[in-house]
Amino acid sequence: MATFTERMAPVLVLWLAMSLSGTWAVDKGNFKTCDQSAFCKRQRALKPGESPYRALLETMELTNTRLTLQLINDNNKVHLLLELYRLQGNITRVKINELKPLRPRYEVPDVLIREPLTEPLSLLSQDENGVVLSLGSESQRVIVSARPFRLDIMEGREVLMSLNSRGLLAFEHLRMRKDTFSYKVSSTVASVWDNIKRVFSSQVDPEGEKKEEADPATQAEKAKEEEDKVEDGMWEETFKSHSDGKPNGPSAISLDFSLPGVEHVYGIPEHADTLRLKTTENGDPYRLYNLDVFQYELYNPMALYGAVPVMLAHNAQRTTGIFWFNAAETWVDISSNTAGKTVFGKMLDYVQGSNETPQTDVRWISESGIIDVFIMLGPTPKDVFSQYASLTGTQSFPPKAAVGYHQCRWNYNDQEDVASVDAGFDEHDIPYDYIWLDIEHTDGKRYFTWDPHKFATPKEMLQGLVEKKRKMVAIVDPHIKVDSNYKIHNEIRNKGFYIKNKDGGDYEGWCWPGSAGYPDFTRADMRDWWASMFAYDQYEGSMENLYTWNDMNEPSVFNGPEVTMHKDAVHGAWEHRDVHNLYGFYVQMATAEGLIQRSGGVERPFVLTRAFFAGSQRYGAVWTGDNAAEWDHLKISIPMCLSLGLVGISFCGADVGGFFKSPSTELLVRWYQTGAYQPFFRAHAHLDTPRREPWLFGPDNTALIREAVRQRYTLLPYWYQQFYHAHRTGEPIMRPLWVEYPQDPATFALDDEFLIGRDLLVHPVTEEGARGVTAYLPGKDEVWFDVHTFQKHNGAQNLYIPVTMSSIPVFQRGGSIIPRKIRVRRSSSCMMHDPYTLYVALNPQRTAEGELYIDDGHTFNYEKKEFIHRKLSFAKNMLSSANLAPDAQFSTRSWIERIVILGASKPSKVTLKTAEGQESQLEFDFDASMSVLTLRKPGVNAGLDWNVTLQ
């Protein structure tokens, strides 16, 4: 018979979940403000302009690869070590650590793809005030000022960035607690030794006592006062009912950066806020601390599920980036000397001759670790993407099917339910690629298992999907049910792989299974073991078309502080506070590796994660978490995914329809229309919401949703190409307009429209009852074509577009060629061999170019040069296809079925010439009212050379 605890566990978990989500609105009281976070409050209390740090220039050492220099805090006499590196690709790295820490301080492993390659630094000049170093080119240099310590990066006469210019560098050194026995012994010995030295020095120099500043005893006294100063929260702090013991004491770090000429900064996801980051002077800083936040609040700096400590700064002349390489809880303050000024105010400044240069100041504050910052100097947006990718890698290249549509809810009830939903898509002629199973598919929330009654024959279910060329995703969360009859738990416990509590026992918290243990994914051996659990002979019922979803991996602990793990939990030599923001990164890493290993390294994985860090792009997709069926949540999905793309994570989407609450039919349709043009396209819904499969809202709405999903599938060749490009370059797929139009200030704050790659501009309808939208079309000398009507519009204008419920405003850039597949089938795999239609949009110079990328869609064979990559060009009335990868080998059965040329003139004849030199006339239609020329059935293989001439 079950024990009382076992019987009550589901009830308690349900109660905890209801406590957290019952109102379907975030309880902000569950999460700290800066004032409630002791280290943030302490650091934020520091006043600018009072820096105690100076550089000891006599300690400088310059080698071919780095500069080292000691800094001293004149208040407490603690020495720090500054290391400065010039890295390949126009990156400068600055590290600051204690010269002699009491114990090692945490430095983040596994995130960088390799140790960054250095380039030589050279000394240009030096005097008692500082040193000047060359960063390669004559015009780019670093100035290190001594008193107070300050670092300026310059190009010519222009300051690109300054460090500690406001004097907010702070480094809380590790120390012994003064009320411990060991401290009392050591301080007594030190005091005796200080007295001996004092007597000796006064005998040598009788005037010594008058020289107060040079008196070692006086200095020691001051330093001891600084050392003995105890503020609330330095050694322990309490939040609500949770206490955080801090055996290592205070260890926070802080540094300020000044960005002259900059008014727009972006990045540091994840926050439910605008694309352009706001100033924080009148509220909390932006917080980076991975948390499970139920139905988060919009337009505020609260922490959410992921944390990427990367910020981009942009003006019309340059883009730069700051990568603050720290995995502890972090707060980011932003201030600006132009904040709050209206356009009129700025004009008044101009008229009155005010020459104040706009400037943004940014301050990073972290709880532990070291200062390790990569300064990416651009100068273009794409240079910054490349620089960041050289450090943390690029977006993983997903299986093509993962770029299609995903159908999910919490939960599909059983195998019959899955079969019924699958059949519903066929019945209503809506394509999809993946159906998802949430936590209820398991045997009592034991991951890697199946409910023996509801999912008794999982392979039979998966085989049914295989026959339709479809796939499934099942959830595998990192909290493990504490149950001696559960194989996974027993193995982790026996191997000692669980995270420990501060007393050395296995850390336990409450999550969906009730009492749960949390594997220590920071351990490589634990990650190896976890990966091995995805082998087909370990994960019973799994097949090659089953993929994985990692949820709750912040980690979520229902009864923990801020619904997460206690900071004094232990990962080997480190506390959880040091590694917290890495946990989800490691879970997804291990899971992706498991999916690769199960196929012998052949198949690309697909893993969705909720928590993430810098580098998570290498392992799969993310989504924006537990949103709500509200119009503002639809709107915020755009800047949230744009922010993620700017810091390398391109594979982003939001729950279509909203996770909590029930959308109106209008909202649901508009969300499908928006989601169809975001990189990760998945509908998802809460357990307590009514069912919302696409055909449940009447035939008219079914038709609208069908059309949105079909638009996604016709564009899959272009989407897949963008993923390949992101994988190769690190450039975002869904990108803000300023990335492509960096000198156009009208684009700098836009976040209700976006580009997919360079060539598609999307302005979704996100207002309830909208009858029109106004889209900004960029590019002074450019034209844009409505992809639905082929109407041509000039760039550099705000265009009002009347809309109906069927409208999705999308424009193709003049000068581009986009491939599509017009024949939509039940899944992407069913369309593999189908023919292409090329859409050629001519620019005012009557030229265009594009690409066509084809591979097998699911293996790593593209790394062995098994792909087709073609360059498509139109110039001088000739369209041609040329090989961009002559050393690659792949063949396709797909052919070119149709060519549509927008902005064309009517030819007298059209001639196709193949690689073999054969010529033939092509049939064509010309719509004079829209200047659209359609060439029918060129019939040439998509992987071969050919050209078409208009005469």
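These remarks concern the structure in this document.

Conventions adopted
- Residues numbered from 1 in each chain as written.
- Predicted model: local features only at pLDDT ≥ 70, side-chain atom pairs only at ≥ 80, totals over all residues.
- Heavy atoms only, no water.
- Pairing = 2+ DSSP bridges.
- Helix = DSSP H or I, 4+ residues; strand = E, 2+ residues; numbered from the N terminus.
- Contact = heavy atoms within 4.5 Å.
- Buried < 20%, exposed > 50% of the residue type's maximum accessible area, 1.4 Å probe, protein only.
- Polar contact = N/O pair within 3.5 Å; in protein donor to acceptor, adjacent residues only side chain to side chain.
- Axes fitted to C-alpha atoms, helices over the stretch in contact; angles between N-to-C directions.
- Parallel < 35°, antiparallel > 145°, perpendicular 65-115°, else oblique.
- Nonpolar A, V, L, I, M, F, W, Y, C, P; charged D, E, K, R; others polar.
- Left-handed = near helix turned anticlockwise from the far one by under 90°.

1. Some details on the sheet that holds strand E23 (residues 434-437)
Spatially, nine strands are ordered E33-E32-E31-E28-E24-E23-E22-E35-E34 in an open sheet, and the strand pairing comes out parallel. Whereas interior strands pair on both sides, the edge strands pair on one side only; in this sheet they are strand E33 (652-653) and strand E34 (655-656). Pairing of strand E31 (residues 607-609) with strand E32 (residues 621-623) involves two bridges; the strand directions are parallel. Within E32, the residue paired with Thr 609 across the bridge is Val 622.

2. Looking at the environment of Pro 48
Note on placement: Pro 48 falls in the loop between helix H2 (38-44) and strand E1 (53-62). For the pair Pro 48 and Asn 164, spaced 116 residues apart in sequence, the C-alpha to C-alpha distance is 9.4 Å. Once residues within four sequence positions are removed from consideration, Pro 48 is found in contact with Arg 166 and Leu 168.

3. Re the side chain of Ser 542
Within the fold, Ser 542 resides in the loop between helix H10 (524-532) and strand E28 (546-550). The exposure class of Ser 542 is buried, given its relative accessible area of 1%. A distance of 2.7 Å separates a polar atom in the side chain of Ser 542 from the backbone oxygen of Tyr 539. Setting aside anything within four residues of it in sequence, one finds Ser 542 in contact with Lys 459, Leu 462, Phe 534, Ala 535 and Tyr 536.

4. Section: the packing of helix H13 (residues 631-646) against helix H14 (residues 665-675)
Interhelical geometry of H13 versus H14 gives an angle of 5° and a closest axis separation of 10 Å. Comparing the axis directions of H13 and H14 gives the class roughly parallel. Note on element contacts: H14 touches H13 through Glu 666, Leu 667, Arg 670, Trp 671 and Thr 674, opposite Trp 631, His 633 and Leu 634. Among the residues forming the contact of H13 with H14, the class breakdown is four nonpolar, two polar and two charged.

5. A word on the packing of H10 against helix H12 (residues 583-598)
For the pair H10 and H12, the least separation of the axes is 7 Å and the interaxial angle reads 45°. In this view, H10 runs oblique relative to H12, as classed from their interaxial angle. As H10 runs across H12, the sense of the crossing is right-handed. Taking contact as the criterion, the partners of Arg 527, Trp 530, Ala 531 and Ser 532 in H10 are, on H12, Tyr 586, Val 587, Met 589, Ala 590, Thr 591, Glu 593, Gly 594 and Gln 597. Here the residues of the contact of H10 with H12 are counted per class, giving six nonpolar, four polar and two charged.

6. Here's the deal with the sheet that holds strand E37 (residues 754-756)
A sheet is described by the order of its strands in space; here six strands give the open sequence E36-E37-E38-E43-E40-E41, paired in antiparallel fashion. Each having just a single partner strand, strand E36 (734-735) and strand E41 (792-794) make up the two edges of the open sheet. Sheet topology note: the strand E40 (residues 783-786)/strand E43 (residues 810-813) ladder contains three bridges and is antiparallel. Among the inter-strand pairings, Asp 786 is bridged to a residue of E43, identified as Phe 811.

Function-wise, these values are silent; they only describe arrangement.
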